[in-house]
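Listed here are the chains, written in short residue letters.
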Amino acid sequence: MGKIYGGHLAAKYLKEIQNVKMVFTLSGGHIENILDGLNKYGIRTIDVRHEQAAAMMAHAWSIYKNEPGVCLVTAGPGFTNALTGIVNAYLDSAPLVVLCGRHPIRDDLTGALQEMNQIDMVKPVTKWCATCYDIKRIPEYLSLAFKQATSGRPGPVFLELPPDILFIQTDEENVALPPKRDHKTALCPDPVAISEAVKIIDSAKQPLFIGGSGVGFSGCKKELEAFIEKTGMPFALLNNGRGTLPDNHPLSISDGGFTGITTGLPQADLVVLAGIRLNWVMQGTKLFPQAKVVRIDIAEHEIDRNRATDLGLVGDCKQVFGELTQKVKKNDHSQWLNTLQNAYKAFMTTELEKRTTPSDPIHPLRLVDRIMEVFGTDAFYVADGGDTCYWGLAGFQSAHPSGVQITAGSLLGCLGTGIPFALAAKLAHPDKPVIVLNGDGSFGFNSMEFDTAVRHNIPIICVVNNDCAWGMIKHSQEMSLGPDRCTCSELGLRRYEKMVEGLGGHGEYVTQDQEIVPALQRAVASGKPSCINVVTDHTVTSPATVIFYQNLSNF
Amino acid sequence: MKLSFLLFFLAQALKIASVTNSKFKKYIANASVKILIKTEAGPPARLFVFDKGKFHSVSGNTNDFDVALVWKDPNTAFSVMTSKSGDASFKAAAQGKLKVIGMSLYAQWFEDAIKLAL
């Protein structure tokens, strides 16, 4: 063994211990030595056009691969650009590992290039953050970062690596690489609590199960399936839990989208919530004031948050489902499921009609239906926008874990997440079609990542639901201010597909219903990253806009 | 006829609440919503119009609504709307006796408004 650079040592640890296959990055002087190390150790780098996208792609990678996603950004603006993606991962509890450059320790307080206190800025939005000051301790710090990102409730971590330790060498034999611990300390509730939960579940007449990201991260497909099928409970899976069981499972109510959930919750006598927070997306407690609630969460403080729970089970979903399934009685709630499905379909009369009827101008639900017609459930779908998130949630169905991701519909409400998520989905599942439905507003944030898609040959299909506006804002302004006083919410008709063509991708412009399917087929045939710019009905408002408006007007 | 009277009285109750009931007034203060109640055959029908704290109602069918609650027949509408059971509308929808046309979210909003008013 000879000498090794600090940057190479970091790459060596990522490769040999964590088996990292892909790092999302944008180059910079402060991190040059790590980039060189990634190259040396054969870790694929996906270099983007804005660090926000690198953080979002690594976040998405963690969801599509169920392993930590790694992003590497340079100091100063590289760091600040990545912040939005880090916050998004923080609010989504995603195991994102951010490696970041820094101005030299040697130059502290001298006015060095990109000198700033990054740690204090990032601390409130990460699960763990640190600066490494010693080349020999780089592997140890990295080990801590990965452990922190994945233990308990996952979350983003941030490790600052100054050039003083990256650009120097040390004796390789003097540096130990801490082993990766594969054991998982799975938390399981007290058996008494399990027995109490079993009593509640067994006695329910109209139960409903809602699973969230905690279900997805737990990797509990087998255990969830056994639990759901034994209890006979209708279920909906959201966020990163979506697709743990396929959307077409006979007990799933995902074909009802948002309406299925909001129709079912007020009628349920028991709501079992697993790995999901009762935040504003779930409308807090409004939807089921009368129901008994059993909550399963790995974070104890979530158990009674926003709603007193009848029984809390603190633990990992996989463990809890395993315990519950052994003890619950076999049950059949098919009559309740049938009633619920009939009811939400009656509430969705217009939505169902819009899906199946050609429209001019094109209704967004019809657009989603046409996309499903071409790709079916053997595909990955992402929706990004305001109203666009609702249309995607209402219409997309997938047979795959995390096969439908409503990225801008999470807690940060972060527009621009769609294209980075779609790129990561395609990298994680190169043999499957990946379609992102983007609002025209949200398309603008990270559309330069089509350059990334072209350079790295990542043939995603982006369908722009183009209503020529920040639709959710415009429609809520129409409600609050009046249609004549909408401000800063119009965008105009833009030929986004030509921009993508200019970057080397495939473009299609669609204004008629019958053009949608052929345009999608040509996009697939092109084999290129594609943008299908579809002009849709700008007058259509989604229920999500109404909820958004009500939330901000009811003071 | 029973349903016509019921819709008329409901409109009167909402009108009074929009002036005298502080909780109801707050609830409707920012809402601009048109809710139509009718039967599959059309009549009887009545439109309930909420416009930023003001309320009025018009008898008759129209296409100008945000959400329409379409009942199979007047008797069903009357019995469900006067039911004390919290899940009467849900059951009616499940049994094909009620369809919601337009933005169904407003139907729930309207049901909550009625609870506040009565």
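Residues numbered from 1 in each chain as written. Chains lettered and ligands numbered in written order. Predicted model: local features only at pLDDT ≥ 70, side-chain atom pairs only at ≥ 80, totals over all residues. Heavy atoms only, no water.

**Student:** In this structure, what is going on with the interface of chain B and chain A? I would like to understand it.
**Tutor:** How big an interface is tends to be expressed through the accessible area that disappears when the partners come together. Listed as interface residues are 19 residues of chain B and, on the opposing side, 26 residues of chain A. Note on chain B versus chain A: buried area summed over both sides is about 1800 Å², and carbon and sulfur give 62% of it. In this structure, the connection of chain B to chain A is made through 0 salt bridges. Taken together, chain B and chain A are joined by 6 residue pairs in polar contact (both at pLDDT 80 or more). Looking at the side of chain B that touches chain A, the elements that each hand over two or more residues are helix 4 (88-94), strand 5 (98-102) and helix 5 (105-117) of chain B. The biggest single contributor to the side of chain B that touches chain A is strand 5 of chain B, with 5 residues. Residues of the side of chain B that touches chain A, tallied by class, amount to 10 nonpolar, 5 polar and 4 charged. (Contact = heavy atoms within 4.5 Å. Buried area = accessible area lost by both parts, 1.4 Å probe. Salt bridge = Lys/Arg side-chain N within 4 Å of Asp/Glu carboxyl O. Polar contact = N/O pair within 3.5 Å; in protein donor to acceptor, adjacent residues only side chain to side chain. Helix = DSSP H or I, 4+ residues; strand = E, 2+ residues; numbered from the N terminus. Nonpolar A, V, L, I, M, F, W, Y, C, P; charged D, E, K, R; others polar.)

**Student:** Would you mind going over the domain arrangement of chain A with me for this structure?
**Tutor:** Residue and element names in this part refer to chain A. Domain parsing of chain A yields domain 1 (3-174), domain 2 (191-344) and domain 3 (349-553). Taking only C-alpha atoms, the centre of domain 1 and the centre of domain 3 are 31 Å apart. Tallying the contact residues gives 24 residues for domain 1 and 25 residues for domain 3. Surface buried jointly by domain 1 and domain 3 totals about 2100 Å² across both partners, of which 65% is contributed by carbon and sulfur atoms. Counting across the interface, domain 1 meets domain 3 through 2 salt bridges. Here Asp451 makes a salt bridge to Arg49, at a shortest N to O gap of 2.9 Å. Linking domain 1 to domain 3 there are 7 residue pairs in polar contact (both at pLDDT 80 or more). The set of elements that each furnish at least two residues to the side of domain 1 that touches domain 3 consists of strand 2 (22-25), strand 3 (44-47), helix 3 (51-65) and helix 4 (77-91). (Domains from an automatic or database assignment.)

**Student:** What is the right way to look at the nonpolar core in this model?
**Tutor:** Where a protein is soluble and globular, its nonpolar side chains tend to be buried together. By size, the foremost hydrophobic cluster in this structure holds 128 residues, and its most contacted members are A:Phe209, A:Ile210, B:Phe48 and B:Phe110. When residues in this core are grouped by element, the largest group, 8 residues, is from helix 5 of chain B. Viewed by domain, this core spans two of them, domain 2 (191-344) and domain 3 (349-553) of chain A, each represented by three or more residues. In this structure, A:Ile210 is in contact with A:Ala236, A:Leu238, A:Ile261, A:Leu265, A:Val271, A:Val272, A:Leu273, A:Ala274, A:Ile276 and A:Met282, ignoring residues within four places of it in sequence. Core analysis: the next-biggest nonpolar cluster, separate from the first, contains 53 residues, A:Ala58, A:Tyr64, A:Cys71 and A:Val500 among them. (Core = buried A, V, L, I, M, F, W, Y, C linked by side-chain atoms within 4.5 Å. Buried < 20%, exposed > 50% of the residue type's maximum accessible area, 1.4 Å probe, protein only.)

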